[in-house]
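# Breakdown of the fold
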Amino acid sequence: MARIQRPFYPIIYVRGYAMTRDEVLQTTSTPYMGFEAGSTKIRQAQDGRIVKFVFESPLVRLMKDYDYRDTYAAGAENTGRLSPRSIVIHRYYDAADPAFGDGKALSIPDAAKALAARIVDLRERICGNNEAERKAFRVYLVAHSMGGLICRCLLQNPDIATAEVRGLVDKVFTYATPHNGIEIGGINVPSLLSINDMDNFNRGVMAKYLKVPKDQVNTLGDSGFPPERFFSLVGTNSRDYAVAHGLSAMAAGQMSDGLVRIENAYVAGSPRAFVNRSHSGFFGIVNSEEGYQNLSRFLFGDLSATARLDITALPFPPEIEQARKRGRKIASSYYIEATVAPRGAYTYDLTSRTKAHESAVRREYAELFGADGHLIRNARSPVLFSVYLDSSKITAGSEVSFSIDLAVSTAGYEVDGALFLKQHIPGEYLFRDTLVLFARRNDDGTWALRYVWADEHWANGPKNAAEVARVGRRAVGAKQATPMLFAVPVASSKGFQAELSIALAPWA
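Residues numbered from 1 in each chain as written. Predicted model: local features only at pLDDT ≥ 70, side-chain atom pairs only at ≥ 80, totals over all residues. Heavy atoms only, no water.

### Remarks on the overall build of the protein chain
In plain terms, the rule: Numbering of helices and strands runs from the N terminus; a helix is a DSSP stretch of H or I covering at least four residues, while a strand is a stretch of E covering at least two. Our radius of gyration looks at C-alpha atoms and nothing else; its globule reference is 2.2 Å times the residue count to the power 0.38. Under the scheme applied here, a residue whose accessible area is under 20% of the maximum for its type counts as buried, over 50% as exposed, and between as partly exposed, the area being computed with a 1.4 Å probe on protein chains only. Only heavy atoms matter for contacts: two residues are in contact if any of them lie within 4.5 Å across the pair. The Shrake-Rupley method, run with a 1.4 Å probe, gives the accessible areas here. Residue values count only the displayed protein chains as cover. Charge counting treats Lys and Arg as positive and Asp and Glu as negative, with His and both chain ends excluded. Note on charges: their place is set at NZ of Lys, CZ of Arg, CG of Asp or CD of Glu.
When helices and strands are counted, the protein chain shows 10 helices and 26 strands. A globule of 508 residues ought to have a C-alpha radius of gyration of about 23 Å, and the protein chain, at 24 Å, matches this closely. With the C-alpha coordinates aligned to their principal axes, the bounding extent of the protein chain is approximately 75 × 60 × 45 Å. Considering the protein chain as a whole, with its 508 residues, one finds that 53% of them fall into the buried category. Contacts spanning at least 24 positions in sequence make up 67% of the contacts within the protein chain whose residues lie at least 6 apart. If you sum the accessible surface of the protein chain, you get close to 22500 Å²; carbon and sulfur atoms cover 51% of it. Here the protein chain carries 60 positive and 54 negative side-chain charges, and the mean point of each set is 2 Å from the other.

### What to know about the packing of helix 3 (residues 108-127) against helix 5 (residues 146-156)
Heads up, the rule is: Angles shown run from 0 to 180 degrees and are taken between the N-to-C directions of axes, each axis being a line fitted to C-alpha atoms and, for helices, limited to the stretch in contact. With respect to orientation, any angle under 35 degrees is reported as roughly parallel, any angle over 145 as roughly antiparallel, any angle of 65 to 115 as roughly perpendicular, and every other angle as oblique. Three residue categories are used. Nonpolar comprises Ala, Val, Leu, Ile, Met, Phe, Trp, Tyr, Cys and Pro, charged comprises Asp, Glu, Lys and Arg, and polar comprises the others, including Gly.
Interaxial distance between helix 3 and helix 5 falls to 8 Å at its minimum, and their mutual angle equals 70 degrees. Viewed along their axes, helix 3 and helix 5 adopt a mutual orientation that is roughly perpendicular. Each of Ile108, Pro109, Ala111, Ala112, Leu115, Ala116 and Ile119 in helix 3 lies in contact with helix 5, whose residues at this interface are Met146, Leu149, Ile150, Cys151, Cys153 and Leu154. Residue composition of the contact of helix 3 with helix 5, by class: 13 nonpolar, no polar and no charged.

### Quick notes on the layout of surface pockets
Quick note on the threshold: Here a cavity is any set of points on a 1 Å grid over the protein atoms alone where a 1.4 Å probe fits but cannot get out, and a pocket is any open set with protein on both sides within 12 Å along at least 5 of 7 lines; a residue lines the site when it has an atom within 4 Å of a point. Grid points are joined across faces, edges and corners, and a volume is the space filled by probe spheres set on the points.
The calculated volume of the second largest pocket comes to roughly 700 Å³. Per-element accounting of the lining of the second largest pocket gives the leading share, 4 residues, to strand 18 (residues 383-389). Per-class residue counts for the lining of the second largest pocket are 13 nonpolar, 6 polar and 9 charged.

### Brief notes about the side chain of Asn237
So the rule is basically this: N or O atoms closer than or at 3.5 Å make up a polar contact, with two conditions inside protein: a donor-capable atom paired with an acceptor-capable one, and, for residues adjacent in sequence, both atoms drawn from side chains.
Of note, Asn237 is situated in the loop between strand 12 (230-235) and helix 8 (247-252). For Asn237, the side chain forms a polar contact with the main-chain nitrogen of Arg239, separated by 3.1 Å. Here Asp240 takes part through its side chain, which lies 3.0 Å from a polar atom of the side chain of Asn237. Aside from chain neighbours lying at most four places away, what touches Asn237 is Ser256, Asp257, Gly258, Asn276, Arg277 and Ser278.

### Re the pattern of salt bridges
We count it as follows: Any Lys or Arg side-chain nitrogen found within 4 Å of a carboxyl oxygen on Asp or Glu counts as a salt bridge.
Counted according to the given criterion, the structure contains 25 salt bridges. A salt bridge links Glu399 to Arg440; its shortest N-O distance comes to 3.5 Å. With Glu399 in the loop between strand 18 and strand 19 (400-415) and Arg440 in strand 21 (residues 429-441), this residue pair connects regions lying 41 residues apart in the sequence. A cluster of three or more residues bridged by salt bridges with shared partners is formed by Glu56, Arg61, Lys64, Asp65 and Glu289.

### Considerations on the pairing of strand 8 (residues 139-144)
So the rule is basically this: Only strands that DSSP links by at least two bridges are regarded as paired with each other.
Burial of strand 8 is extensive: 6 of the 6 residues sit out of reach of the surface. Burial of the side chains of strand 8 extends over both faces: Val139, Leu141 and Ala143 are buried on one face and Tyr140, Val142 and His144 on the other. Alignment of strand 1 (residues 11-14) against strand 8, held across 4 bridges, turns out to be parallel. Note that in strand 8 the partner of Ile12 across the bridge is Leu141. As judged from the 6 bridges shared by strand 8 and strand 9 (residues 169-175), these two strands associate in the parallel manner. The partner of Val139 across the bridge, within strand 9, is Val169.

### Considering helix 5
Burial analysis of helix 5 places 11 of its 11 residues in the buried class, which makes it a mostly covered element. Turning to helix 5, its buried residues number three or more, namely Met146, Gly147, Gly148, Leu149, Ile150, Cys151, Arg152, Cys153, Leu154, Leu155 and Gln156.

### A look at the environment of Thr79
In this structure, Thr79 sits in the loop between strand 6 (76-77) and strand 7 (86-89). In the structure, Thr79 is positioned 43 residues away from Leu122 in sequence and 9.9 Å away in space, judged by C-alpha atoms.

### Points about the environment of Val172
With respect to the element layout, Val172 can be found in strand 9. Among the residues examined, Val172 registers a relative accessible area of 0% and is labelled buried. C-alpha of Val172 to C-alpha of Val142: the two residues are 30 residues apart in sequence and 5.9 Å apart in space. Discounting residues that sit within four places of it in the chain, Val172 has contacts with Leu141, Cys151, Leu155, Phe225, Arg229, Phe230, Phe231 and Phe298.

### What about the sheet that holds strand 18?
Reading across from one edge, 18-14-26-25-24 is the order of the 5 strands in this open sheet, with antiparallel pairing throughout. Only two strands of the sheet have a single neighbouring strand rather than two, namely strand 18 and strand 24 (467-468).

### Considering the environment of Leu295
As for its placement among the helices and strands, Leu295 is situated in helix 9 (residues 289-300). Among the residues examined, Leu295 registers a relative accessible area of 0% and is labelled buried. It is 8.8 Å that separates the C-alpha atoms of Leu295 and Phe231, two residues lying 64 residues apart in sequence. In this structure Leu295 touches Leu62, Val142, Phe173 and Tyr175, once residues within four positions along its chain are discounted.

### Concerning unusual backbone geometry
Residue Pro7 follows Arg6 across a cis peptide bond; omega there is 5 degrees. Assignment of secondary structure puts Pro7 in the segment before strand 1. For Ser145, which is not glycine, the phi dihedral falls at a positive 55 degrees. Within the fold, Ser145 resides in the loop between strand 8 and helix 5. For Asn378, which is not a glycine, the phi torsion comes out positive at approximately 60 degrees. Overall, Asn378 belongs to the exposed group, its relative accessible area being 69%.

Bear in mind that shape data such as this cannot, by itself, settle questions of function.
Following this line, the structure appears as structure tokens:
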């Protein structure tokens, strides 16, 4: 029997919410409960055509790329010894199928208790009585939608599992989980709406089964689980969510995946990525190349990269600046866009926050600068991304390479409360360029970072060495172990100035 080898721990998949009886039966009638669903469609063509792209499914890709195996044999679930590289499906909906159970769906706490039992059983069947293997045993939880809340219930509610069992969970990856509840028409699902267990997404109900205050539902609370090992993948495509003939997407509104609003789809303080995918379906987030690439790098990668944009100069158009100097009250806001892709990626981005996808970071001038134009203390400098990279995927040379499409544009100006439109182009860009980065591990374990701006040189042209800013500082974004922090100057001819702080750290 193969031995446990980091980072290839067994994976338990926890599926999302099935609302109706038909959806429950469809779920229980398939071996992998949706994790096997692939896709053949992406929207990438400039003329709007649907381009065919075959993504086999995350389950098949894990088997093909990393030698994972399912746990089925001879028409049943394998009850004997299992490989450490096993994919287990947590079939908590079987109880709701009259063919397998009593026809009643498990509550989230009960599904979490069953998950805890599954983890313990998995350890027994992989490790047996081998103490070294039992000590090395860990498990990854991969969940879609409500499945992520079941995983959090296991980790956060001390009544669900012992500290020993919770400690067996190494990393958690969630697709489109409503970590801060679901809103219909801008209103959180009411607790009275218990039909089909829809009250599972009410913040008051969530607070009870997650054991956190109601205003901290989107946190890991006092669980002790490291937030940096909990990844949230956020969908930003609402238009392609076809459930309920589009009524769900209409109720959730824009800036959502068709069911979960962007602002509710991540755990505070944890790494996250944004992809232009809907909650499920043919253009869904689980059956997407973007989802798989984030999943595989978070689970098996060896380098984390987090970036923050510290804006130091944010110029006004000449007419607005003249009005400010005359003592007029100026209000303005800005969109900050960032798209990250690794070298060789032609059909996916690791994360993309753009105006077009209604997911750009928005900042008001007053959150960064005072009325006198000076940078304020504790300015809300945005964290642009947290991505994970894998040096084993290097296709050329000895450096890990990735690109950042970075743009800053105005969202509008007001002078004395009135919208200013004269001699001004709405949405005007103050900065827009592509930064190509090359990271190399030195012999002493530190990192070196080189970069080139694509608008100035070819990617294989002359490169600048990024300055090491503050070694060991952890304040860029999600907590990282022994990071190295690099500073890349950002400037435009319009007077925009900023510093892109990039933290690189080993990841395992």
